[in-house]
Amino acid sequence: MDVARIAFIPILILACSYVYIRGGCTGRIGAAILVVTSLLGHWFGSNMAWGQFRYDIALIDTACLMLFLLLAMRSDRYWPIWAAGLQQTAVLTHLGAAILPEISPAIYEALATFWKLPILVVMVAGTYLDLRSGEDAAP
């Protein structure tokens, strides 16, 4: 297991804890989506090599995208829209790997897993900005 994967877990826990506590209903749902799909992807991602198209990770990422889209449609916050857009990029990475099976395994893994970090940033920044603007994010 590489350093990036090990370092991601505490970052995920800290960021999602903040969003869960301060982000109201949207924050709780968004944090849960990201934690569950990240941990599933982390577990499945470490069980097999990235030398070929990863149906399991693609399915998890697609489910994450659908959940963020649903959250964005039902929420009055802006960050779920950004999170869905970033997650869409991860899903498109899988599509690219399916079309081009000769893609480098290291590049495929890096591109498919990278997008969780910007989503964390968007969730934390969006929650912070909601609170700063005076909108009561937490009930």
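If you're wondering where the values come from, they're calculated on a predicted model, not measured in any experiment.

## Quick look at the side chain of H94
Part 1 of the reasoning: Summarising the element assignment, H94 is placed in helix α4 (residues 79–99).
Part 2 of the reasoning: The exposure class assigned to H94 is buried, which follows from its relative accessible area of 2%.
Part 3 of the reasoning: Non-local contacts of H94, meaning those with residues more than four positions away in its chain, are made with W50, F53, R54, I57, A58, D61, Y108 and A112.

## Things to note about the nonpolar core
Part 1 of the reasoning: Residues C16, L34, F68, W79, I119, L120 and M123 are the most contacted members of the largest nonpolar core, which totals 23 residues.
Part 2 of the reasoning: Elements with a contribution of two residues or more to this core: α1 (3–22), α2 (24–45), α3 (55–74), α4 and α6 (116–132).
Part 3 of the reasoning: It is α4 that contributes the most residues to this core, six residues altogether.
Part 4 of the reasoning: Beyond its immediate chain neighbours, meaning those up to four positions away, I119 contacts L34, F68, A83, L86 and Q87.
Part 5 of the reasoning: W50, I57, Y108 and A112 belong to the second largest nonpolar core, which has five residues in total.

## As for the packing of α3 against α4
A pair of packed helices is captured by two measures, namely the crossing angle of their axes and the spacing between those axes.
Part 1 of the reasoning: In the contact formed by α3 and α4, the axes pass within 8 Å of each other and the chain directions differ by 160 degrees. Looking at the two axes, α3 sits roughly antiparallel to α4. Handedness of the α3/α4 crossing: left-handed. Listed contacts from α4 to I57, A58, D61, T62, C64, L65, F68, L69, L71 and A72 of α3 are W79, P80, I81, A83, A84, Q87, Q88, A90, V91 and H94.
Part 2 of the reasoning: Split by residue class, the contact of α3 with α4 holds 15 nonpolar, four polar and one charged.

## A short note on the pattern of salt bridges
Part 1 of the reasoning: Tallying each qualifying case throughout the model produces four salt bridges.
Part 2 of the reasoning: Residue K116 is joined to D61 by a salt bridge in which the shortest nitrogen-to-oxygen separation is 3.5 Å. Of the two residues, K116 is situated in helix α6 and D61 in helix α3; the sequence distance between them amounts to 55 residues.
Part 3 of the reasoning: K116 sits in the buried class, given a relative accessible area of 10%.
Part 4 of the reasoning: When its relative accessible area of 5% is taken as the criterion, D61 is described as buried.
Part 5 of the reasoning: When the shortest N-O distance is used, the salt bridge between D76 and R77 registers 3.8 Å.
Part 6 of the reasoning: On the basis of relative accessible area, R77 is assigned to the buried category, the value being 9%.
Part 7 of the reasoning: Sharing partners across several salt bridges, the network here consists of D76, R77 and D130.

## Examining the environment of P101
Part 1 of the reasoning: Here P101 is to be found in the loop between α4 and α5 (105–114).
Part 2 of the reasoning: Owing to a relative accessible area of 56%, P101 belongs among the exposed residues under this scheme.

## Notes on the side chain of T37
Part 1 of the reasoning: Relative to the helices and strands, T37 is located in helix α2.
Part 2 of the reasoning: When its relative accessible area of 7% is taken as the criterion, T37 is described as buried.
Part 3 of the reasoning: Discounting residues that sit within four places of it in the chain, T37 has contacts with I60, C64 and K116.

## What about the packing of α4 against α6?
Part 1 of the reasoning: Contact pair α4 / α6: the axes reach a minimum separation of 9 Å and the direction vectors enclose 175 degrees. Taken as axis vectors, α4 and α6 run roughly antiparallel relative to one another. Contacts between α4 and α6 involve W79, W82, A83, L86 and Q87 from the first element and K116, P118, I119, V122, M123, G126, T127 and D130 from the second.
Part 2 of the reasoning: Residues that form the contact of α4 with α6 fall into these classes: eight nonpolar, three polar and two charged.

Rules of the game
- Within every chain, residues take consecutive numbers counted from 1 along the sequence as written.
- Selection of residues for local features in this predicted model requires a pLDDT of at least 70, selection of side-chain atom pairs for listing and counting requires 80 or more, and totals for whole chains, interfaces and linings are taken over all residues.
- Computation of side-chain values covers all heavy atoms of the structure but excludes hydrogens and water.
- Starting at the N terminus, helices and strands are each numbered in turn, a helix being any DSSP run of H or I of at least four residues and a strand any DSSP run of E of at least two.
- Only protein chains enter the accessibility calculation, which uses a 1.4 Å probe; a residue is then buried when its area is under 20% of its type maximum, exposed when over 50%, and partly exposed in between.
- Any pair of residues with heavy atoms lying within 4.5 Å of one another is described as a contacting pair.
- To qualify as a nonpolar core, a set must consist of buried Ala, Val, Leu, Ile, Met, Phe, Trp, Tyr and Cys residues joined through side-chain atoms within 4.5 Å.
- Fitting a line to C-alpha atoms yields each axis, with helices limited to the stretch in contact; the angle taken between N-to-C directions then spans 0 to 180 degrees.
- By the definition adopted for this analysis, an angle is roughly parallel if under 35 degrees, roughly antiparallel if over 145, roughly perpendicular if from 65 to 115, and oblique otherwise.
- Each crossing gets its handedness from the near helix: less than a right angle anticlockwise from the far helix is left-handed, clockwise is right-handed.
- When residue character is reported, Ala, Val, Leu, Ile, Met, Phe, Trp, Tyr, Cys and Pro are called nonpolar, Asp, Glu, Lys and Arg charged, and the others, Gly included, polar.
- A pairing counts as a salt bridge when a side-chain nitrogen of Lys or Arg comes within 4 Å of a carboxyl oxygen of Asp or Glu.

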